[in-house]
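# Commentary on secondary and tertiary structure
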2 protein chains.
Amino acid sequence: MTEIRKNLPVDEQLAVLKRGVVDLVSEDDLRRKLEDSLETGQPLRVKLGADPTRPDLHLGHAVILRKMRQFQDLGHKVIMLIGDFTATIGDPSGKSKTRPPLSIEEARANAQSYLEQCRLILRSEPEVLEIRSNGEWLEEMGYKDIIALTAKYTVARILERDDFSKRLREGTPISMHELLYPLTQGYDSVALKADVELGGTDQLFNNLVGRALQRDYGQEPQVVMTLPLLVGLDGTEKMSKSLDNYIGVSDEPHAIFAGLMKVPDTLLENYFTLLTDLPQDRISEVLAGHPVEAHRQLAREVLGWLAPGSDPDAAEERFRSVAKGGIPDDLPEVTVAADELNDEGNVSMARLVVLAGLEPSNGAARKLIQNRGLKVAGEPYTDAQGWVTQAELGTEGGFVVQKGKDKFVRLILD
Amino acid sequence: MTEIRKNLPVDEQLAVLKRGVVDLVSEDDLRRKLEDSLETGQPLRVKLGADPTRPDLHLGHAVILRKMRQFQDLGHKVIMLIGDFTATIGDPSGKSKTRPPLSIEEARANAQSYLEQCRLILRSEPEVLEIRSNGEWLEEMGYKDIIALTAKYTVARILERDDFSKRLREGTPISMHELLYPLTQGYDSVALKADVELGGTDQLFNNLVGRALQRDYGQEPQVVMTLPLLVGLDGTEKMSKSLDNYIGVSDEPHAIFAGLMKVPDTLLENYFTLLTDLPQDRISEVLAGHPVEAHRQLAREVLGWLAPGSDPDAAEERFRSVAKGGIPDDLPEVTVAADELNDEGNVSMARLVVLAGLEPSNGAARKLIQNRGLKVAGEPYTDAQGWVTQAELGTEGGFVVQKGKDKFVRLILD
């Protein structure tokens, strides 16, 4: 891990921090805060809100976490604010499927997993990492406090948020509590005395609410910095787990390698800017060369910081072998007992998937097959009612089934 | 005091209750609730919200309180809900002058005075009167409860309220907390399990929020009943203390009499309907006669229930004497010590007003005079720097000063 380099000149800090940034409200404020920090020796407090209802991090999240890391590397303190209290509330109107209420145990477990993934990118030294929960202040808040908070903001300003004004225009219902969330989120910045808040471009409005509220509560308003939403491997939608166009931050090194080799050429420059430290002129050089070489370079750069202990040559080797439809060497093996075969000497493919531990039940296995999630010998296997013969199972080297991109199991008949 | 007449047939109850009502949402619901009450013997719970920031009641308030009283006379239970908790919050945005925050002591003292005036109209038997404070549940409410409450109502529905949509259209700021008040007020009905809520026509929207929320909380929705805002003695504006077009419910009987004699002819029918129990055909008869007679009848009817112990003849007699510029007999007397006179044998009018106990200081006395609030011998006395001579003070029968309509003091030189 590199050294923390405190007290760099403000211009040098700004050059690092501005890379890849979309909105910066405002650069003057950030410069002044950096100057003050340099003078007083007090690091900036840089906030990021984390939603523990969606604990799986991918490279889209990594874009923002890398910016947090840059603040850390410059000696500033990042604050991971876990929204575990709000997660236990969920969406009481029951309208949003993405906000089911969690038990406090679930929320904490999710937060734990979220933070473990963050540590792949962030520094852990306590002087540059603070972990907080919004329950610390929201749990204490009473009716009076909420009236006082909401008195500081007008309806018109809240309704300026793009999605609200759109829904209001279209007559799509907005529940009253949805208007409270941006205010609560803004109040988090007041409670934390944040100097800077980071977020995706979709968080610009919410984070500006925090900036306005801090002023109303007599604090210096925070700087709001947004980063682009990373476009996923499909080349069109933002990276997200549900669209399956993502690379997970805790994926195996060869899977990360494989994913980055699939980045559409048009996105290469974007990925280099947001996910590597290569200077702009080096990026231009790389992009001028052969695209496959550029992809390899991208993959190696990302592995360099995301999986610093991994061997990039091994990851590349394994990626190549899988890409050719080859089967990696180090597969888990599962023995199939002879009595699994029926009187004709066959066993259903669904049953084999269960025996391989790839799905918990025959039903789930059939669903996997229907959804083209199962491969045999590199080809999709699509017959959910299919059977495998004793001869197929008994082949020298076993019968290898593959789920998704990268889960292989070798079945061996006993 | 008349007897409580429980268990009257539903149609008879409805006939009484519907008199003078503007909105009734819905009559079917009210009928069904009355039927259920008759069947089970359970009285209806009839809610009225009271704002302890404005504790002075006038006949405009009496219109609604009389409706409450009718429910009581039919055996139903009225609930006076004192908004003392919200009064202590006031308007934290500081924009509304009519909602300054009160200390809890002020709020309680106001509520006490408010309730004493209500008792001039309402029955006090505990089976038909319940007094509650919204602090009982609002004080307990946390962030989670407020999110749950606000999740039940959409922004569009709140913004339908006339004044909100108007302000939003005109660009006049609405603070977010203002949107919370109707929801809180509606939640009061949930907490109280109200069957009926009364209010002025200006409360229709807020009280319908309560009706909607009760449904969302799994309760029978309350019936919302509104009564007209009584037009004041000026014949145009709604009765209000600040417009000085009012008759206070605890005014002296002769002042009430005097006020009602001044009701514009065009409002007589309205006042008869809302402030007396005279049947409609009797009202028509009275209105067909001489207007002065109609006024007298109105005044006597109102005194009958508002000041049942008073002598209407005496009130009328005194009203007549004051109206003619005459001075009533039973005046408080104050002796003026001889050393109050200066070397020329005069005393300032301001000083006399203080000695009479009509104002606390010479400054306040001069202000009263400037505002034409002082009369001598029936005529306004307007010279704030004026002097009264020993001769004037020494007149047989003393020197009578009059503040406002009806406060007389006889000054006698020692």
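None of these values were measured; they are calculated from a predicted model.

## Here's the deal with the UniProt feature "short sequence motif: 'HIGH' region" (unreviewed entry) in chain A
Those places that UniProt annotates as "short sequence motif: 'HIGH' region" (unreviewed entry) correspond, in this numbering, to residues 52–61 of chain A. Regarding residues 52–61 of chain A, the helix share stands at 30% and the strand share at 0%, and the terminal C-alpha atoms are separated by 13 Å.

## As for the side chain of Gln402 of chain A
As for its position among the elements, Gln402 of chain A is in strand β12 (residues 399–403). If near-sequence neighbours (up to four positions away) are discounted, Gln402 of chain A is found in contact with Gly373, Leu374, Lys375, Gly378, Lys407 and Phe408 of chain A.

## Structural notes on the domain arrangement of chain A
According to the domain assignment, chain A consists of domain 1 (10–227), domain 2 (253–323) and domain 3 (333–413). A separation of 34 Å is found between the C-alpha centroids of domain 2 of chain A and domain 3 of chain A.

## Looking at the UniProt feature "binding site: ATP" (unreviewed entry) in chain A
All names here are of chain A. Sequence positions flagged by UniProt for "binding site: ATP" (unreviewed entry) are, in local numbering, Lys241. Structurally, Lys241 is set in the loop between β6 (223–227) and α12 (253–261). Since its relative accessible area comes to 46%, Lys241 is described here as partly exposed. Excluding anything up to four places from it in sequence, Lys241 contacts Asp56, His58 and Tyr246. In terms of polar contacts, Lys241 uses its side chain to reach the side chain of Asp56, at 2.9 Å.

## What to know about the environment of Asp29 of chain A
Mapped onto the fold, Asp29 of chain A is located in helix α2 (residues 27–40). Not counting the four nearest positions on each side in its chain, Asp29 of chain A is found in contact with Arg211 and Val223 of chain A.

## Overview of the pattern of salt bridges
A full pass over the atoms with the stated rule returns 56 salt bridges over all chains. Residue Lys18 of chain A is joined to Glu27 of chain A by a salt bridge in which the shortest nitrogen-to-oxygen separation is 3.2 Å. What makes Lys18 of chain A partly exposed here is its relative accessible area of 36%. On the basis of relative accessibility, which here comes to 29%, the residue Glu27 of chain A falls in the partly exposed class. Linking Asp56 of chain B and Lys241 of chain B is a salt bridge whose minimum nitrogen-to-oxygen distance equals 3.0 Å. Pair noted here: Asp56 of chain B is in the loop between β2 (45–50) and α3 (59–73) and Lys241 of chain B is in the loop between β6 (223–227) and α12 (253–261), with a separation of 185 residues, a long-range link. Salt bridges linked by common partners bring Glu293, Arg296, Arg300, Asp313, Glu316 and Arg320 of chain A together as one network.

## Regarding unusual backbone geometry
Look at the link from Val25 of chain A to Ser26 of chain A: it is a cis peptide, with omega at -10°. Within the element layout of this structure, Ser26 of chain A appears in the loop between β1 (24–25) and α2. Even without being a glycine, Asp244 of chain A presents a positive backbone phi close to 55°. For Asp244 of chain A, the location among the structural elements is in the loop between β6 and α12. The class for Asp244 of chain A is exposed, based on a relative accessible area of 57%. Despite not being glycine, Asn7 of chain B has its phi angle at roughly 65°, a positive value. Mapped onto the elements of the fold, Asn7 of chain B is located in the segment before α1 (10–18).

Criteria and cut-off values
Residues numbered from 1 in each chain as written. Chains lettered and ligands numbered in written order. Predicted model: local features only at pLDDT ≥ 70, side-chain atom pairs only at ≥ 80, totals over all residues. Heavy atoms only, no water. UniProt positions renumbered as here; feature names shortened; annotations may be inferred. Helix = DSSP H or I, 4+ residues; strand = E, 2+ residues; numbered from the N terminus. Contact = heavy atoms within 4.5 Å. Domains from an automatic or database assignment. Buried < 20%, exposed > 50% of the residue type's maximum accessible area, 1.4 Å probe, protein only. Polar contact = N/O pair within 3.5 Å; in protein donor to acceptor, adjacent residues only side chain to side chain. Salt bridge = Lys/Arg side-chain N within 4 Å of Asp/Glu carboxyl O.

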